[in-house]
Amino acid sequence: MSNRATGEIRPAIEVPELTEDFQGDNALNRLAQFVCDKHNDLLGHVGDYQIEYLWKKKGGKRLGANRMGACGKPSGLLKHYAATDFVIWLAADHLREENYTQDQIEALMFHELSHIAVPEEDESGDLTPPKLAPHDFEGFVADVERYGFWEPSLKRMGRAVQLRLTFDEEGT
């Protein structure tokens, strides 16, 4: 797949079999750059930060669901030794087991990059330090099935889904 904005071809990602808990991969760096360029309107600020991209051998679970990836902000002693603003990892075991496609891996990278908050100006006009952004909405399918889009963040998500479904039906 190519990036319409730059004409770049998305780097092919092969999910590795890991022997260590974490492993760097230049292909993940290239994928992140591709995603940031493709979605510069939303991710243009990401280039201002030092980010480490890693495969994680086992993603584990969170609240009973497979944890496919994460974006974290090192602090304290880890920040000192890591010398990076953020760490993004993708779970090699889960992506392999669930047969993630190249499109799904790209979407997962977009999701994790979206956790890097846009910096804001403080009272003195300086930019705030790097921070993590929460999800735009949180809910259960049953929330919507039983009560509709009852909460503001669910309403925004509902409009986004409706717009996407309209585009998909029109073949765009």
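Attention in this report is confined to the structure presented alongside it. (Residues numbered from 1 in each chain as written. Predicted model: local features only at pLDDT ≥ 70, side-chain atom pairs only at ≥ 80, totals over all residues. Heavy atoms only, no water.)

### Notes on the overall build of the protein
- Counting its secondary structure elements, the protein contains seven helices and six strands.
- Taken from N to C terminus, the helices and strands of the protein fall in the order β-α-α-β-β-β-β-α-β-α-α-α-α.
- Taken along its principal axes, the extent of the C-alpha atoms in the protein is 50 × 45 × 40 Å.
- Taken across its 172 residues, the protein has 31% of its residues classed as buried.
- When contacts within the protein are restricted to residue pairs at least 6 apart in sequence, those whose partners lie at least 24 apart make up 63%.
- Of the roughly 11,600 Å² that the protein leaves accessible, carbon and sulfur atoms contribute 52%.
- Once the 19 positive and 30 negative side-chain charges of the protein are each reduced to a mean point, those two points are 5 Å apart. (Helix = DSSP H or I, 4+ residues; strand = E, 2+ residues; numbered from the N terminus. Buried < 20%, exposed > 50% of the residue type's maximum accessible area, 1.4 Å probe, protein only. Contact = heavy atoms within 4.5 Å. Areas by Shrake-Rupley, 256 points an atom, 1.4 Å probe, with all protein chains shown as cover. Lys, Arg positive; Asp, Glu negative; His and termini not counted. Charge placed at Lys NZ, Arg CZ, Asp CG, Glu CD.)

### A short note on the side chain of Asp93
- Its location among the elements puts Asp93 in helix α4 (residues 92–97).
- Buried Asp93, no salt bridge; nearest opposite-charge side chain is Arg96, N-O distance 6.2 Å. (Salt bridge = Lys/Arg side-chain N within 4 Å of Asp/Glu carboxyl O.)

### What to know about the pattern of salt bridges
- A complete count under the given rule lists five salt bridges for this structure.
- The residue Arg10 makes a salt bridge to Asp103 at a minimum N-O spacing of 2.8 Å. Residue Arg10 is located in the segment before β1 (22–24), and its partner Asp103 is located in helix α5 (residues 102–113); the two are separated by 93 residues in the primary sequence.
- Salt-bridge contacts for Lys79 lead to Asp85; the nearest nitrogen and oxygen are separated by 3.3 Å.
- Look at Lys79 and you get partly exposed, because its relative accessible area is 31%.

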